[in-house]
Amino acid sequence: MDVRVVVAGIEPLVAHPETARTRTVPKAHSLLDALLSRHREKPPRATHVGMRATAGDFDEITREWGSSDIKEILEYGSAASHDTGVGIVNAPSRFEEAATGLVAAGANILIHLTADGIPAGHPIAPVIKVSGEESTVTALAEDIDIDATTDTKNDLLARIRNVGDGRPCAAGKHGLTEFAITRVGPSM
């Protein structure tokens, strides 16, 4: 099955620029180079995400993206145009801003991988929460849709289908919605 994946959070690209370049199709190299140049000297806004990206191997920290090459680099607020493969939204990893960027890119269902179990949803697209942290799953069982310590990829696919069919995810059941737009310049 061919799918289009759109991912927010550029920390793995910034932490591993050479590997990111080899995993990006040539027609997107100039956009990748511009993104890396813009963020090279800036610390990540989500410090723990930046530390994880720096400490891990590129393939390990991006395994949830799948094995497809990066087909496009999207500016925040731009719509994705690739048919299959991975597109990266130039967005911070802060959930509210990343989710809004993903929705703007065309995401219909958001899958939020979280260690902390951040209890947040989005007002436009349903958010399926996935956690592999046993302590988070135990403490926030009602806020997590998929327990990655026991559930399988087939369980995730079934959950995606159910949400696509209109069944609420955990954040939707609780009425949780968060919305934020990334600032691209200083506020005056």
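Residues numbered from 1 in each chain as written. Predicted model: local features only at pLDDT ≥ 70, side-chain atom pairs only at ≥ 80, totals over all residues. Heavy atoms only, no water.

### Notes on the pattern of salt bridges
Selection rule: Put simply, a salt bridge is a Lys or Arg side-chain nitrogen that is within 4 Å of an Asp or Glu carboxyl oxygen. Under the DSSP-based scheme used, a helix requires at least four consecutive residues in state H or I and a strand at least two consecutive residues in state E, with every element numbered from the N terminus. Buried means the residue's accessible area, taken with a 1.4 Å probe over protein chains only, is under 20% of the maximum for its type, while exposed means over 50%, and partly exposed covers the values in between.
Tallied over the full model, the rule gives 6 salt bridges. Two residues, arginine 21 and aspartate 33, come together in a salt bridge whose shortest N-O distance is 3.2 Å. One end of the pair, arginine 21, is in helix α2 (residues 17-22); the other, aspartate 33, is in helix α3 (residues 29-39), and 12 residues separate them in sequence. A salt bridge links aspartate 145 to arginine 159; the shortest N-O distance between them is 3.0 Å. Of the two residues, aspartate 145 is situated in the loop between α7 (134-139) and β6 (146-147) and arginine 159 in helix α8 (residues 153-164); the sequence distance between them amounts to 14 residues. In this pair, the class of aspartate 145 matches that of arginine 159, namely buried. Members of the salt-bridge network, linked through shared partners, are Arg94, Glu96 and Glu97.

### Examining the pairing of strand β5 (residues 127-131)
Quick note on the threshold: When DSSP finds at least two bridges between two strands, those strands are taken to pair. Seen with its strands pointing away from the viewer, a crossover is right-handed when the path leading from the first strand over the helix to the second is clockwise.
Judged by how many residues are buried, β5 sits mostly within the fold: 5 of 5 residues are covered. The alternating pattern of β5 places Val127, Lys129 and Ser131 on one face and Ile128 and Val130 on the opposite face, and all of these are buried. With 4 bridges connecting them, strand β4 (residues 110-113) and β5 associate as parallel partners. Note on β5: the bridge partner recorded for leucine 110 is valine 127. Where β5 lies against β6, 2 bridges are found, and the strand directions are parallel. Paired with serine 131 across the bridge in β6 is aspartate 147. One crossover worth recording links β5 to the parallel β6 by way of α7, and it is right-handed.

### A closer look at the sheet that holds strand β3 (residues 85-89)
Definition in use: To obtain each axis, a line is fitted to C-alpha atoms, and for helices this fit is confined to the stretch in contact; angles are then taken between N-to-C directions over 0 to 180 degrees. The contact criterion used throughout is that any non-hydrogen atoms of two residues lie within 4.5 Å.
Spatially, β1-β3-β2 is the arrangement adopted by the 3 strands of the open sheet, whose pairing is parallel. The open sheet terminates on both sides in strands that have one partner only, identified here as β1 (4-8) and β2 (70-74). On average, each strand axis in the sheet is tilted by 25° relative to the strand beside it, whichever way the strands run. As paired strands, β2 and β3 are joined by 4 bridges and run parallel to one another. Within β3, the position partnered with isoleucine 73 by the bridge is isoleucine 88. Lying over the sheet, helix α6 (residues 95-105) contacts β1, β2 and β3, oriented at roughly 150° with respect to β1.

### What about the confidence of the model for the chain?
So the rule is basically this: Scored from 0 to 100, pLDDT records how confident the predictor is in each individual residue.
For the chain, the mean per-residue pLDDT works out to 88, and 91% of the residues sit at or above 70. Looking at the elements of the chain, mean pLDDT is at its lowest for helix α4 (residues 47-55), recorded as 67, and at its highest for β6, recorded as 96.

### Things to note about the sheet that holds β5
On the basis of which strands lie adjacent, the open sheet formed by 3 strands has the order β4-β5-β6 and parallel pairing. Only two strands of the sheet have a single partner each, and these edge strands are β4 and β6. The sheet contacts of α6 involve β4 and β5, and relative to β4 the element is tilted by about 150°. Its contacts with the sheet place α8 against β4, β5 and β6, and it is angled at close to 160° to β5.

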